Amino acid sequence: MKKPPQHLSQLVHQSGVLPELAERAELLLYLDRTVKGMLSGPVSTQLTVANFRQNILVIETTTAVWAARLNFQKAQLLQQLQTEALPMLTAIEVKVNPALISRETKPNVPHRQISETAASHLSELADSTGGTLGQKLKRLAALASRKGSEPSD
């Protein structure tokens, strides 16, 4: 008799190195949310908490300009973090990581729409073609009539 599959969270928290990694990842995620919540304005979108080692919080930013802005706020942020989240925190280190820019920007894929004229041509072609290709062309032509009825995001 086979054992039923276990949930992934149970496997991660059992034994070995995985529980330590999971706990560390949760801590860094918590610190990232906390730091971003403490900072106001667009600077919070330009940073990420990279590491917490030897009581030093490492924050990465996308450019040197954001790093300079963070360095101006570092003392206030350090004091706020010590009182609210990490009393053992001794310093904050700010580093520039240009690779963060590519992670943050999502490609803007345009939603392609079929015009009424193209839909009528596809429909005529589907009638003359027939078979499975004709059915697929009819479904494609039907997209033109649905584009106005769907709610936009």
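Please read these numbers as outputs of a predicted model, since none were measured by experiment. (Residues numbered from 1 in each chain as written. Predicted model: local features only at pLDDT ≥ 70, side-chain atom pairs only at ≥ 80, totals over all residues. Heavy atoms only, no water.)

Asker: Any chance you could explain the side chain of E60 here in plain terms?
Answerer: Among the structural elements, E60 can be located in strand β2 (residues 56-61). The class for E60 is buried, based on a relative accessible area of 18%. At 2.9 Å, the side chain of E60 and the side chain of N97 are in polar contact. For E60, the contacting residues outside a window of four places in its chain are Q46, L47, T48, A50, K95, N97 and L100. (Helix = DSSP H or I, 4+ residues; strand = E, 2+ residues; numbered from the N terminus. Buried < 20%, exposed > 50% of the residue type's maximum accessible area, 1.4 Å probe, protein only. Polar contact = N/O pair within 3.5 Å; in protein donor to acceptor, adjacent residues only side chain to side chain. Contact = heavy atoms within 4.5 Å.)

Asker: Please clarify how the sheet that holds strand β3 (residues 91-96) should be interpreted in this entry.
Answerer: The strands making up a sheet are joined through hydrogen bonds of the backbone, oriented either antiparallel or parallel. Strand order in this open sheet of three strands is β1-β2-β3, and the pairing throughout is mixed. The sheet terminates laterally at β1 (47-53) and β3, the two strands that pair on one side only. When the angles between neighbouring strand axes are averaged without regard to direction, this sheet yields 25°. Of the pairings in the sheet, the one linking β2 to β3 comprises six bridges and is parallel in character. The residue bridging I59 from the neighbouring strand is V94, located in β3. Contacting β1, β2 and β3, helix α3 (residues 64-84) crosses the sheet at an angle of about 165° to β3. (Pairing = 2+ DSSP bridges. Axes fitted to C-alpha atoms, helices over the stretch in contact; angles between N-to-C directions.)

Asker: I keep staring at α3 and nothing clicks. Help me out?
Answerer: Under the 1.5 Å per step criterion, the end-to-end length of α3 is 28 Å for 21 residues, consistent within 8% with the ideal 30 Å. Residue Q73 marks the point of greatest curvature in α3, where the axis turns by about 55°. Next to the buried residues of α3 lie α2 (18-38), β1, β2 and β3. (Expected span 1.5 Å × (residues − 1). Bend = angle between axes of the 7 residues up to and from the residue.)

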